[in-house]
Amino acid sequence: MELALILGAAYLLGSVPSAYLVVRRLTGEDIRRIGSGNPGTMNVRDHVGFKTAVLVGALDIGKGAAAVALAYSVGLGEVEAVLAGLVAVVGHLWPVFLRLDGGNGTGPTVGAILVLLPAPGLIASAVAFIVWRLAGSRRLGGLTGLLSVIPIAYLLEAPQTPMVGVAALVGLLFVKLWRVEGVAIA
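Residues numbered from 1 in each chain as written. Predicted model: local features only at pLDDT ≥ 70, side-chain atom pairs only at ≥ 80, totals over all residues. Heavy atoms only, no water.

What to know about the overall build of the protein
Part 1 of the argument: Within the protein, the regular secondary structure consists of nine helices and zero strands.
Part 2 of the argument: The linear arrangement of helices and strands in the protein, starting from the amino end, is α-α-α-α-α-α-α-α-α.
Part 3 of the argument: Residues counted as buried form 43% of the 186 residues belonging to the protein.
Part 4 of the argument: Partitioning the intrachain contacts of the protein with sequence separation of at least 6 by distance along the chain shows that 66% fall at a separation of at least 24.
Part 5 of the argument: Surface exposure of the protein reaches about 9,500 Å², of which carbon and sulfur atoms provide 67%. (Helix = DSSP H or I, 4+ residues; strand = E, 2+ residues; numbered from the N terminus. Buried < 20%, exposed > 50% of the residue type's maximum accessible area, 1.4 Å probe, protein only. Contact = heavy atoms within 4.5 Å. Areas by Shrake-Rupley, 256 points an atom, 1.4 Å probe, with all protein chains shown as cover.)

Written as structure tokens, this is what we have:
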């Protein structure tokens with residue numbers, strides 16, 4: 001019963017449409033009618049502004065992190081924490097509050113990773129930032145960071161269950177990105 005409540009809360013957390021709510025509050029606009037129509041951080045950055053995107057990104061990362069932290073805080077184990085992170089991402093992808101049409105899931109995925117594998121997640125975030133700045137491509141930086149989490153975790157001898165969970169999170173994100181945006185890196 002406790003796990004069901006946590007997973008329900010994780011889905012609702014993930015479903016909170018950060019980009020929609022922030023853009024609506026600050027501009028009166030519906031982010032789904034701007035730019036690509038994607039209710040996510042990058043569309044906000046490209047068409048509303050950097051500061052607003054930072055807020056949206058922080059909120060989205062917080063959703064994934066909060067779901068995993070909630071599972072841990074009530075004494076659930078690593079498997080349940082991974083499930084909470086996955087369910088939060090599912091909530092972001094298919095939010096009940098936006099008729100099941102959400103963002104790509106990058107923010108909550110990153111948030112879940114940072115709680116499941118904190119040190120590897122932070123190192124991978126630094127790798128992503130460096131690649132982005134050197135290559136000038138947000139997408140290449142992000143993909144490199146996401147793909148580097150598991151090798152970094154392995155080198156740091158992280159626990160196996162969170163590593164498998166992070167691989168599942170990254171896999172889900174890649175499937176969504178592939179389906180929505182194809183393989184373009186630029």
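There's more to say after this.
Points about the environment of Ser-148
Part 1 of the argument: Mapping Ser-148 onto the fold places it in helix H8 (residues 138-155).
Part 2 of the argument: Between the C-alpha atom of Ser-148 and that of Phe-174, which follows or precedes it by 26 residues, the distance is 14 Å.
Part 3 of the argument: Residue contacts for Ser-148: discarding those within four places in its chain leaves Ala-124 and Val-127.
Part 4 of the argument: A polar contact is formed between the side chain of Ser-148 and the backbone oxygen of Gly-145, at a distance of 2.8 Å. (Polar contact = N/O pair within 3.5 Å; in protein donor to acceptor, adjacent residues only side chain to side chain.)

Details of unusual backbone geometry
Part 1 of the argument: Positive phi, normally seen in glycine, also occurs at Leu-100, with a value near 65 degrees.
Part 2 of the argument: If you trace the backbone, Leu-100 turns up in the loop between helix H5 (78-93) and helix H6 (106-116).
Part 3 of the argument: Despite not being glycine, Glu-157 shows a phi value in the positive range, around 55 degrees.
Part 4 of the argument: Looking at where Glu-157 falls in the secondary structure, it is placed in the loop between H8 and helix H9 (160-181).
Part 5 of the argument: Residue class for Glu-157 comes out exposed when judged on its relative accessible area of 71%.

A word on the packing of aromatic side chains
Part 1 of the argument: What the rule picks out here adds up to one aromatic pair.
Part 2 of the argument: With a centroid separation of 5.6 Å and 70 degrees between ring planes, the pair formed by Phe-129 and Trp-132 is classed as edge-to-face. Here Phe-129 pairs with Trp-132, and both are found in helix H7 (residues 118-135), just three residues apart, close to one helical turn.
Part 3 of the argument: Here Arg-133 stacks its cationic end above the ring of Trp-132, 4.7 Å away from the centre of that ring. (Phe/Tyr/Trp six-rings, centres within 6.5 Å; stacked < 30°, edge-to-face > 60°. Lys NZ or Arg CZ within 6 Å of the ring centre and 35° of its normal.)

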